[in-house]
Amino acid sequence: MNVKKFYPSLGYIRQTMTTILNRFQKILTVALLLSLGFFCRAGAQNLDSLENVLATASMNPAEKIKICDDLSWGYLNSDFDKSKRYALEGITLAEKENDLLMAGTLYRNLGVAYYMASQLDTAHLFFDRAMEYAVKIGDGNLQALVNFARANLYNLNGEYQKALELYLNTLPVFEESGNRPRVRRVLGNIGVLYASLQNFDE
C-alpha cells in the first residue's frame, strides 16, 4: 500500500463521516446492528414453498420472474448455487420479456451472490450489467441499489474512499424515497467503515 497516497483519503473519509455521524447520531446505533448481514426478502421457511410453486404452478412470466427474484435473494446467505441458478433463470426470462427493471434487479442479485462468495471481479461484472439496465430505463432506485452493493464490495476490499463515495451517493436517493430501512443500512455500513479505519490506525 502506498501510505502517502492513502492517508489523504483517510482524512477525507473521517471529515465526511463526522458530518454524517452528527446528522444521524440518534439512529446510527440501531443502524449498526441492522448492518451485520443481508436480510432476505423471502424468509427461509418460505423458500421451499416458493421453489415448489415455481416448479409446479401455472404462472405468467412476470410472476415467475418475481419468484426467481425472491429465491435468488433469499438464498444469498445459505446457498450460492441456488441463488445463482434462480438469478440466471430470472434474467433469461426477464430479458425475453423485455422487463429491463427486473433484468437489472436480478443482475444485481447475481453480483451480490458472487460478492458474498468472495468472487469480487465477477461481482463487479454483474454490477456493471445491472447498472447498464438501470441507466437505460432511468431508474434511480435501482442505480442506488447497485451502487450500495458495489460500495459493500469496495468496503470489504479495503477501498474505503470508493466505498464512502458510493454510500453517500445512495443516501439521498433512499432518503427522498422514504426508504428508511435502506437509510439505516447505509448509515450502518458507514459506521462499520469508520470502525475499520479506527482499527487500521491502531
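So, here's what we can say about the structure. (Residues numbered from 1 in each chain as written. Predicted model: local features only at pLDDT ≥ 70, side-chain atom pairs only at ≥ 80, totals over all residues. Heavy atoms only, no water.)

## A closer look at the packing of helix H7 (residues 120-137) against helix H8 (residues 140-156)
Consideration 1: Where H7 contacts H8, the two axes come as close as 9 Å, and the packing angle between them is 165 degrees. One element, H7, and the other, H8, form an angle in the roughly antiparallel class. In terms of crossing hand, the pair formed by H7 and H8 is left-handed. Of the residues in H8, those touching H7 at Leu-120, Ala-123, His-124, Phe-127, Asp-128, Ala-130, Met-131, Ala-134 and Val-135 are Leu-142, Gln-143, Val-146, Asn-147, Ala-149, Arg-150, Leu-153, Tyr-154 and Leu-156.
Consideration 2: Broken down by class, the residue content of the contact of H7 with H8 amounts to 13 nonpolar, three polar and two charged. (Axes fitted to C-alpha atoms, helices over the stretch in contact; angles between N-to-C directions. Helix = DSSP H or I, 4+ residues; strand = E, 2+ residues; numbered from the N terminus. Parallel < 35°, antiparallel > 145°, perpendicular 65-115°, else oblique. Left-handed = near helix turned anticlockwise from the far one by under 90°. Contact = heavy atoms within 4.5 Å. Nonpolar A, V, L, I, M, F, W, Y, C, P; charged D, E, K, R; others polar.)

## As for unusual backbone geometry
Consideration 1: With a phi angle near 60 degrees, Asn-98 is a residue other than glycine that sits in the positive phi range.
Consideration 2: Turning to its location among the elements, Asn-98 is positioned in the loop between helix H5 (80-96) and helix H6 (100-116).
Consideration 3: Residue classification places Asn-98 among the exposed positions, given a relative accessible area of 57%.
Consideration 4: Backbone geometry places Ser-118, a non-glycine residue, at a positive phi of 65 degrees.
Consideration 5: Tracing the backbone shows Ser-118 in the loop between H6 and H7. (Buried < 20%, exposed > 50% of the residue type's maximum accessible area, 1.4 Å probe, protein only.)

## With respect to H6
Consideration 1: Taking 1.5 Å per residue, 17 residues should reach 24 Å; H6 reaches 24 Å between its end C-alpha atoms and fits that length.
Consideration 2: Buried residues dominate H6, accounting for 15 of its 17 residues.
Consideration 3: At the C-terminal side of H6, Ser-118 shows a positive phi close to 65 degrees. (Expected span 1.5 Å × (residues − 1).)

## Observations regarding the packing of H6 against H7
Consideration 1: Taken N-terminus to C-terminus, the directions of H6 and H7 make an angle of 165 degrees; their axes are 8 Å apart at the nearest point. One way to sum up the angle between H6 and H7 is to call them roughly antiparallel. Crossing of H6 against H7: the hand is left-handed. Together, Leu-100, Leu-101, Ala-103, Gly-104, Tyr-107, Arg-108, Leu-110, Gly-111, Val-112, Tyr-114 and Tyr-115 of H6 and Leu-120, Thr-122, Ala-123, Phe-126, Phe-127, Arg-129, Ala-130, Tyr-133, Lys-136 and Ile-137 of H7 make up the contact between the two elements.

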